Amino acid sequence: MDWIFVIVAGLLEVLSINYMNKWQLIKKFGLKKSSVLIVKMCLAFGGSLILLNLALDTLPMSITYAVWSGIGSVGGVAVSIIKYGESANWRRLFCIFLILFSVVGLKLVS
């Protein structure tokens, strides 16, 4: 159950990064309703940290944090590439692969 908390916490981290990107676009173009996005972003970040805290009751901090931050990092870049049209060049994709490889490697050797 604790690993499910970590995975959902990572996905909430990705969701909050998506809200952060939307908020930046709203600020850039001077659109209204940015306060709703700020509340959603804070709730997603808060939920992520609460679930991470619950998982840390029984899981080792080093691996748990690595998995959580890996999901957030890779997911955030994936959302930025897919939804916001950011660059997907081979160097960037290689670095994402290194993050994934490192997180899986840490889990395997622990």
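Residues numbered from 1 in each chain as written. Predicted model: local features only at pLDDT ≥ 70, side-chain atom pairs only at ≥ 80, totals over all residues. Heavy atoms only, no water.

**Observations regarding the environment of Gly-47**
Then, number 1: Along the chain, the position of Gly-47 falls in helix H2 (residues 34-55).
Then, number 2: The exposure class of Gly-47 is buried, given its relative accessible area of 19%.
Then, number 3: C-alpha separation for the pair Gly-47 and Phe-5, spaced 42 residues apart in sequence, amounts to 10 Å. (Helix = DSSP H or I, 4+ residues; strand = E, 2+ residues; numbered from the N terminus. Buried < 20%, exposed > 50% of the residue type's maximum accessible area, 1.4 Å probe, protein only.)

**Details of the environment of Phe-45**
Then, number 1: Within the secondary structure, Phe-45 is located in helix H2.
Then, number 2: Classification of Phe-45 as partly exposed rests on a relative accessible area of 24%.
Then, number 3: For the pair formed by Phe-45 and Ala-78, sequence separation is 33 residues and the distance between their alpha carbons is 18 Å.
Then, number 4: When near neighbours in sequence (up to four residues on either side) are disregarded, Phe-45 contacts Glu-13, Ser-16 and Met-20. (Contact = heavy atoms within 4.5 Å.)

**Looking at H2**
Then, number 1: For H2, which comprises 22 residues, the first-to-last C-alpha distance of 32 Å matches the rise-based estimate of 32 Å (1.5 Å per residue) to within 8%.
Then, number 2: Of all the residues in H2, the buried ones are Leu-37, Met-41, Ala-44, Gly-47, Ser-48, Leu-51, Leu-52 and Ala-55. Down the axis of H2, the sector holding all buried residues measures 130 degrees, keeping them to one side. Opposite its buried face, H2 presents the exposed residues Leu-43 and Ile-50, each directed more than 90 degrees away.
Then, number 3: On its buried side, H2 packs onto helix H1 (2-29) and helix H3 (61-84). (Expected span 1.5 Å × (residues − 1). Arc of directions from axis to C-beta.)

**A closer look at the pattern of salt bridges**
Then, number 1: Applying the stated criterion across every chain, the model contains one salt bridge.
Then, number 2: Residues Glu-86 and Arg-92 are paired through a salt bridge, measuring 2.9 Å at the closest nitrogen-oxygen approach.
Then, number 3: What makes Arg-92 partly exposed here is its relative accessible area of 25%. (Salt bridge = Lys/Arg side-chain N within 4 Å of Asp/Glu carboxyl O.)

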